[in-house]
Amino acid sequence: WLGGAAFFSNSFGQPSGYVYVGKRFPGLFDQAPLFAQATAGLMYGYVGKYESKVPLNYNGFSPGAVVSLGWQFNAQFATAVHLLGAAGLMLQLSYDFR
């Protein structure tokens, strides 16, 4: 299980955030380093004339979900591609502090 928060500037230059919980599924397709990941949470930041740009938005708050596919290089380093709805992709290189 995992949890976290992301802070970013949305496509319209508004400060935004995403607070989430999720799960990583290692060993995808019997490949030990390949994993899938899914998170769900609450997003804030699409306000004013951009409220209609995300579904179920109420006063800037809306549900969010991100699915990912990644590769775990070793115990600490991984890379992943995150699907951000129909808006785009995000590439990530991460280091786990254990």
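In the block above lies the structure referred to throughout.
The rules we used
- Residues numbered from 1 in each chain as written.
- Predicted model: local features only at pLDDT ≥ 70, side-chain atom pairs only at ≥ 80, totals over all residues.
- Heavy atoms only, no water.
- Helix = DSSP H or I, 4+ residues; strand = E, 2+ residues; numbered from the N terminus.
- Buried < 20%, exposed > 50% of the residue type's maximum accessible area, 1.4 Å probe, protein only.
- Contact = heavy atoms within 4.5 Å.
- Areas by Shrake-Rupley, 256 points an atom, 1.4 Å probe, with all protein chains shown as cover.
- Pairing = 2+ DSSP bridges.

Right, let's get into the overall build of the protein. Broken down by element type, the protein carries 0 helices and 6 strands. Listing every helix and strand of the protein by position from the N terminus yields β-β-β-β-β-β. Split into buried and exposed, the 98 residues of the protein put 28% on the buried side. Sequence separation of at least 24 residues holds for 32% of the intrachain contacts in the protein that already meet a minimum separation of 6. Accessible area of the protein: about 6,700 Å², with a carbon and sulfur share of 67%.

With that settled, the discussion passes to the pairing of strand β3 (residues 34–44). As defined by bridge partners, strand β2 (residues 15–26) adjoins β3 across 10 bridges and the pair is classed as antiparallel. Counterpart to R24 in the pairing with β3 is Q37. Where β3 and strand β4 (residues 61–72) come together, 11 bridges link them in antiparallel fashion. Each residue of the ladder has a partner; that of Y44, found in β4, is F61.

Inspection of the sheet shows β4 paired to strand β5 (residues 77–84) by 6 bridges, in the antiparallel sense. Following the sheet pairing, G70 is matched in β5 by A80. Counting the residues between successive antiparallel strands, the hairpin from β4 to β5 contains 4 residues. Where β5 meets strand β6 (residues 88–95), 8 bridges bridge the pair, whose relative direction is antiparallel. Note that in β6 the partner of L83 across the bridge is L89. What sits between β5 and β6 in their antiparallel hairpin is a turn of 3 residues, with G85 showing a positive phi close to 60°.

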